[in-house]
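Secondary and tertiary structure notes
Residues per chain are reported as follows:
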Amino acid sequence: EQNEAGWAKIVFGPNFGAALDGRGLLYVWGECPGEEECAGPVAIDVRGEGRGRCFVDVQCSADKIFALTGRGHAIIFEDVLEALKSHSSSSSLAPVALEGRLVPGLPQPGKLSALTGAGGIKSMGIGLEHG
C-alpha cells in the first residue's frame, strides 16, 4: 500500500504487522487467526498514554505492539489481535482504536530532556514472546 508520507519502518510478528510512516503515525495489519481477510494497513487511533505522541520506532511481539516516541517514552499496545478481528469484521476504513500505556519499569525522560536530549530510551528491540 502507498502512503503519502512514506513508510519509515515496517515490522512483522507472527500474527500481524505494524508500520511507522514519515509523520510518526502508526499503522497495523496482518493475518488474523481464523479469519479469511484482515484489515490493513489501517491507521491506529492512539488512545491513553500514547495519545498525541510522535513515534520514531515500532516493534511487534506475538500479541503486542511496542512504540518509541521521539522523547524517549516506550508505549505498549495490547489486545492488537482482538482489535484487528473486530475491525476486519466491520469492513471499515476507520482507524483501529488501541489503548497505549507507558511500559512499566523503564527509564523515563526527565523534564530537561526536551532541551538537552538526555534521558529516555534511544533505541529498542524485542523478542516475539516478550510482554
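Predicted model only: the values in this text are computed from it and were never measured.

With that settled, the discussion passes to the overall build of the chain. Along the backbone of the chain there are two helices and eight strands. If you list the helices and strands of the chain from N to C, you get β-β-β-β-β-β-β-α-β-α. A buried classification covers 40% of the 131 residues belonging to the chain. Taking all contacts inside the chain whose residues are at least 6 apart in sequence as the whole, residues at least 24 apart take part in 51%.

As a further point, take the environment of Gln 59. Within the element layout of this structure, Gln 59 appears in strand E5 (residues 55-60). Looking at Gln 59, the relative accessible area reads 14%, which means it is buried. In contact with Gln 59, other than residues within four places in its own chain, are Lys 9, Val 11, Lys 64, Ile 65, Phe 66, Met 124, Gly 125 and Ile 126.

Moving on: the pairing of strand E8 (residues 96-102). Bridge analysis of strand E4 (residues 42-48) against E8 gives five bridges, and the strand direction is parallel. Looking across to E8, one finds that Val 46 is bridged to Leu 98. As defined by bridge partners, strand E7 (residues 74-77) adjoins E8 across three bridges and the pair is classed as antiparallel. Bridging across to E8, Phe 77 finds its partner in Gly 100.

It is worth spelling out the pattern of salt bridges at this point. For the coordinates displayed, the defined rule picks out six salt bridges. For Glu 4, the salt bridge identified is with Arg 23, shortest N-O distance 3.9 Å. In this pair, Glu 4 is assigned in the segment before strand E1 (7-12) and Arg 23 in the loop between strand E2 (17-21) and strand E3 (26-29), connecting sequence segments 19 residues apart. For Glu 4, a relative accessible area of 80% gives the class exposed. We classify Arg 23 as partly exposed; its relative accessible area is 40%. Linked by salt bridges that have partners in common, Glu 4, Asp 21 and Arg 23 make up one network.

Counting 22 residues, the largest nonpolar core has Phe 16, Leu 26, Val 28, Phe 55, Ile 65 and Phe 77 as the members making the most contacts within it. Those elements giving two or more residues to this core turn out to be E2, E3, E4, E5, strand E6 (65-69), E7, helix H1 (80-90) and E8. When residues of this core are assigned to their parent elements, the largest contribution, four residues, is made by H1. When neighbours within four sequence positions are excluded, Phe 55 is seen to be in contact with Leu 20, Gly 24, Leu 26, Val 46, Gly 50, Ala 67, Leu 68, Thr 69, Ile 75 and Phe 77. Phe 66, Leu 68, Ile 76 and Val 103 belong to the second-largest nonpolar core, a separate cluster that totals six residues.

The next subject is the sheet that holds E8. The sheet built from eight strands is open, its strands ordered E1-E2-E3-E4-E8-E7-E6-E5 with mixed pairing. Looking at which strands have only one partner, the edges of the open sheet turn out to be E1 and E5. If you compare each strand with its neighbour and ignore which way they point, the axes differ by 35 degrees on average. With two bridges connecting them, E3 and E4 associate as antiparallel partners.

Parameters and conventions
- Residues numbered from 1 in each chain as written.
- Predicted model: local features only at pLDDT ≥ 70, side-chain atom pairs only at ≥ 80, totals over all residues.
- Heavy atoms only, no water.
- Helix = DSSP H or I, 4+ residues; strand = E, 2+ residues; numbered from the N terminus.
- Buried < 20%, exposed > 50% of the residue type's maximum accessible area, 1.4 Å probe, protein only.
- Contact = heavy atoms within 4.5 Å.
- Pairing = 2+ DSSP bridges.
- Salt bridge = Lys/Arg side-chain N within 4 Å of Asp/Glu carboxyl O.
- Core = buried A, V, L, I, M, F, W, Y, C linked by side-chain atoms within 4.5 Å.
- Axes fitted to C-alpha atoms, helices over the stretch in contact; angles between N-to-C directions.

Structural measurements only, silent on function.
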